[in-house]
Amino acid sequence: ERFNGDISRVLTNQTLSAYPNPFTDQLEIQIPYAIGNENSGIFLYDLQGRQIMTGHFPGDQQTIRWNTASLMPGMYFLHVQSGGIEQTIKVVKTQ
């Protein structure tokens, strides 16, 4: 699966966020619109659009701590699908 790089669409006033950014071994992801029974899908893509990491979490989990120790340093796209909303932000991994 490939990501096309379109981060211009924001569908809600409740915005996905991740910190720290830049990050090292762990990324905390805030999904304020995560409610309900539908699982949240979290996907990390490199700049070429290749899917690097994937995670699925309970739909009502608004804070997710993701272990990123195995990632190479660089820029990534963090894409979240939750509650019928999709958002993407840029994140940066440092050493």
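It should be noted that the structure appears before, not after, this text.
Residues numbered from 1 in each chain as written. Predicted model: local features only at pLDDT ≥ 70, side-chain atom pairs only at ≥ 80, totals over all residues. Heavy atoms only, no water.

**A few points about unusual backbone geometry**
Next, step 1: Cis peptide bonds are those with omega within 30 degrees of zero, and the linkage from Y19 to P20 qualifies with -10°.
Next, step 2: Note that P20 resides in the loop between β1 (17-19) and β2 (26-30).
Next, step 3: In this structure, the amide linkage connecting N21 to the following residue, P22, adopts the cis form with an omega of 15°.
Next, step 4: Position of P22 among the secondary structure elements: in the loop between β1 and β2. (Helix = DSSP H or I, 4+ residues; strand = E, 2+ residues; numbered from the N terminus.)

**Some thoughts on the sheet that holds strand β3 (residues 40-45)**
As a general point, the strands of a sheet are linked pairwise by backbone hydrogen bonds and lie either parallel or antiparallel.
Next, step 1: Taken together, four strands build an open sheet; the order of strands is β4-β3-β6-β7 and the sheet is antiparallel. In the strand order of this sheet, the two ends are held by β4 (51-57) and β7 (85-93), each with one partner. Averaged over all neighbouring strand pairs, the angle between strand axes comes to 20°, with direction disregarded. (Pairing = 2+ DSSP bridges. Axes fitted to C-alpha atoms, helices over the stretch in contact; angles between N-to-C directions.)

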